Amino acid sequence: MKILIVEDDDFARDASARYLDHLGHDVSSAATPAEAEAAAGDSPPDVVICDWRLADGADGADVARVLQQRYATPIIFITAHPLGRLRLLTRDLNVARYLRKPISLVSLASAIDEIGGAAGTHA
């Protein structure tokens, strides 16, 4: 699957990218909504993994809205915030999963596999 990781924490982003690449996924990454839009390019990712809180006041909804204006790409939000409020704030978005921090890389890979199995890929 083609995966885009949007995370402003360098360590978390790099660890996730290396792990998913090791599992055979085509992984790109970004730290900001603008970088995410550029990384998506003209070929949509099959799934976007996005931290809810990003640097400079941006949040995952900013990323999702930008990408979902162009594609119907499902989003996996990763957050330490209460899920009830997050679900309300994102009810207009194509959110496939919400994962609570701290997450394990195995649970992240499992969520991606479930999305891939349910929706297939864009390829």
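Before reading on, note that the structure itself is shown above.
Source: prediction; values computed, not measured.

Cut-off values and rules
- Residues numbered from 1 in each chain as written.
- Predicted model: local features only at pLDDT ≥ 70, side-chain atom pairs only at ≥ 80, totals over all residues.
- Heavy atoms only, no water.
- Buried < 20%, exposed > 50% of the residue type's maximum accessible area, 1.4 Å probe, protein only.
- Helix = DSSP H or I, 4+ residues; strand = E, 2+ residues; numbered from the N terminus.
- Arc of directions from axis to C-beta.
- Polar contact = N/O pair within 3.5 Å; in protein donor to acceptor, adjacent residues only side chain to side chain.
- Contact = heavy atoms within 4.5 Å.
- 1 Å grid on protein atoms, 1.4 Å probe; cavity = no way out; pocket = protein on both sides within 12 Å on 5 of 7 lines; lining within 4 Å.
- Points joined across faces, edges and corners; volume = space filled by probe spheres on them.
- Nonpolar A, V, L, I, M, F, W, Y, C, P; charged D, E, K, R; others polar.
- Salt bridge = Lys/Arg side-chain N within 4 Å of Asp/Glu carboxyl O.

Novice: I would appreciate a short explanation of helix H2 (residues 33-40) in the present structure.
Specialist: Because an α-helix packs 3.6 residues into every turn, residues spaced three or four apart end up facing the same way. Taken as a whole, H2 has its buried residues at Pro-33, Ala-36 and Ala-40. For H2, the buried positions fall inside an angular range of 55 degrees around the axis, keeping them on one side. Across from the buried face of H2, at angles greater than 90 degrees, the exposed residues are Ala-34 and Ala-38. Just beyond H2, the residue with positive phi is Gly-41, at close to 55 degrees.

Novice: What should I look at first to understand the side chain of His-25 in this one?
Specialist: Relative to the elements of secondary structure, His-25 occurs in the loop between helix H1 (10-22) and strand S2 (26-30). Of the polar contacts made by the side chain of His-25, one reaches the backbone nitrogen of Met-1; its length is 3.3 Å. Sequence-distant contacts of His-25, defined by excluding residues within four places in its chain, comprise Met-1, Ile-3, Leu-20, Ile-112 and Asp-113.

Novice: Before we go on, may I ask you to explain the layout of surface pockets in this structure?
Specialist: It is a probe the size of a water molecule, rolled over the atoms, that shows where empty space is left. Taken as a whole, the largest pocket spans an internal volume of roughly 270 Å³. Lining the largest pocket are 17 residues, with Glu-7, Ala-12, Ser-16, Ile-78 and Ile-103 sitting closest to its centre. Every element with two or more residues in the lining of the largest pocket is listed here: strand S1 (2-6), H1 and strand S3 (47-51). In terms of residue count, the dominant contributor to the lining of the largest pocket is H1 (5 residues). Per-class residue counts for the lining of the largest pocket are 11 nonpolar, 1 polar and 5 charged.

Novice: Whenever I open this one, unusual backbone geometry confuses me. Can you help?
Specialist: Among all residues except glycine, the phi angle is most often negative; among peptide bonds, the trans geometry is most common. Along the chain, Lys-101 connects to Pro-102 via a cis peptide bond; the corresponding omega equals -5 degrees. As for its placement among the helices and strands, Pro-102 is situated in the loop between strand S5 (95-100) and helix H5 (105-119). Phi is positive for Asp-56, which is not a glycine, with a value near 60 degrees.

Novice: Is there a simple way to think about the pattern of salt bridges in this case?
Specialist: Once the charged atoms of two side chains with opposite charge are near each other, the side chains can pair. Tallied over the full model, the rule gives 5 salt bridges. Close ionic contact of Asp-10 with Arg-13 constitutes a salt bridge, the shortest N to O distance being 2.6 Å. Within this pair, Asp-10 and its partner Arg-13 are both found in helix H1, separated by 3 residues, close to a single helical turn. Taking the shortest distance from any N to any O, the salt bridge between Asp-51 and Lys-101 comes out at 3.0 Å. With Asp-51 in strand S3 and Lys-101 in the loop between S5 and H5, the pair connects residues that are 50 residues apart, well separated along the chain.

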